[in-house]
Amino acid sequence: MVGLTKPHVSWLLFFVLMCALVCALMSVWIAVVIAWGTQPEVNRVVMDLPAQSAADAVPLSTLKVALLSDLHIEGDADALTELAALMIAVVDSKPDLILFAGDYVKNPDELLDLNQHRIAVAKAMSDTGGIPTFAVLGNHENWTVGVQWQMALRDAGVPVLANSVQQIRSLNLCVRGLGDYYSGAYQYVEFPSYCEGGRKLSLTHDPAGAFDARVKGLVLAGHTHCGQISLPFLGPLWVPTDAPRSAHCGLYQDEQRQVYVSAGVGTSMLPFRLNAQAQWDVITLRFFAH
């Protein structure tokens with residue numbers, strides 16, 4: 001039997017050490033990526049409504065919308081403090097309108113008092129500096145007594161649109177809130193006649209609701225977390241929506257609708273993100289003549 005010579009042992013030891021070093025560096029890199037991915041960043045977007053082919057077209061008006069989705073607030077004081085800090089940043093961005101796209105609670109089974117948590121989250125969400133605000137419910141609210149979430153938010157001063165439309169005359173805008181498709185709360189509602197001639201947008205949780213054949217125009221949504229865990233080359237492991245794959249994250253457009261899907265702020269099921277940065281959005285809408 002031929003044994004390893006001293007040079008062979010040295011090279012084998014070097015190889016083992018290099019493998020250990022690479023594994024350690026990869027572990028550190030993954031930990032940094034995961035930790036960074038859960039720190040919400042502001043994502044600034046400019047969208048044209050409707051699209052116009054003329055290169056020198058001038059928008060008739062603009063509207064600046066802050067969109068927050070999938071907050072998934074845990075039941076500890078630190079989480080509420082972080083939400084309060086987030087709301088300060090949102091107000092400081094000086095939007096014309098603040099929209100909440102659902103899923104405000106995380107791990108409700110682990111909460112000592114869900115009702116008190118509802119009230120505390122709603123109170124923090126209401127700190128909007130007087131900026132017009134609307135919310136829709138997500139699947140997590142509908143699974144934990146959606147009516148009580150509506151009451152808590154409305155009592156705090158955050159109007160909830162549940163398959164309904166509200167007009168903001170000062171902004172010449174109608175906002176339609178469509179119920180969450182994923183948890184079976186979706187019902188189609190049309191914009192009332194008094195919205196004709198003004199600016200219109202829709203808000204929902206699961207982007208699948210935007211693909212009702214009757215839905216037209218701009219729809220803002222969340223729910224998908226942009227996959228939350230997205231592997232290089234393979235993409236997201238699972239996205240809980242029936243929306244087309246091209247409408248799982250960011251901007252989708254076809255001849256009938258524009259759908260913008262936020263990556264969201266929090267996490268669900270697993271407490272980390274990979275290649276799906278936590279975000280809230282400041283969306284500048286530019287309205288062009290038809």
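So, here's what we can say about the structure.

What counts and how
- Residues numbered from 1 in each chain as written.
- Predicted model: local features only at pLDDT ≥ 70, side-chain atom pairs only at ≥ 80, totals over all residues.
- Heavy atoms only, no water.
- Pairing = 2+ DSSP bridges.
- Helix = DSSP H or I, 4+ residues; strand = E, 2+ residues; numbered from the N terminus.
- Axes fitted to C-alpha atoms, helices over the stretch in contact; angles between N-to-C directions.
- Buried < 20%, exposed > 50% of the residue type's maximum accessible area, 1.4 Å probe, protein only.
- Contact = heavy atoms within 4.5 Å.
- Parallel < 35°, antiparallel > 145°, perpendicular 65-115°, else oblique.
- Left-handed = near helix turned anticlockwise from the far one by under 90°.
- Nonpolar A, V, L, I, M, F, W, Y, C, P; charged D, E, K, R; others polar.

All right, on to the sheet that holds strand β5 (residues 164-168) then. The 6 strands lie next to each other as β5-β6-β7-β8-β12-β11, forming an open sheet whose pairing is mixed. Looking at the sheet topology across the chains shown, the edges are occupied by β5 and β11 (250-253). Strand after strand, the sheet turns through a mean of 20 degrees between neighbouring axes, direction not considered. Two elements, strand β7 (residues 199-203) and strand β8 (residues 217-221), share 2 bridges in a ladder whose sense is parallel. Bridged to S202 within β8 is V219.

By the element assignment, A221 lies in strand β8. You can call A221 buried: its relative accessible area is 0%. Along the sequence, A221 and A247 sit 26 residues apart, while their C-alpha atoms lie 9.9 Å from each other. In this structure, A221 is in contact with L67, A101, T204, H205, D206, P207, Y260, V261 and S262, ignoring residues within four places of it in sequence.

This part takes up the packing of helix α2 (residues 77-92) against helix α3 (residues 114-125). Running from N to C, α2 and α3 point in directions that differ by 20 degrees, and their axes come no closer than 9 Å. Comparing their axes, α3 and α2 come out roughly parallel. Crossing of α2 against α3: the hand is right-handed. Residues L80, L83 and M87 of α2 lie in contact with α3, whose contacting residues are A120, V121, A124 and M125. The class makeup of the residues in the contact of α2 with α3 is 7 nonpolar, no polar and no charged.

Our next topic: unusual backbone geometry. The phi dihedral of H223 is positive, around 75 degrees, even though this residue is not glycine. Here H223 lies in the loop between β8 and β9 (230-231). For H223, a relative accessible area of 5% translates into the label buried. Phi angles above zero are rare outside glycine, and F233 is one such case at about 70 degrees. Within the secondary structure, F233 is located in the loop between β9 and β10 (235-236). Residue F233 is classed as exposed on the basis of its relative accessible area of 90%.

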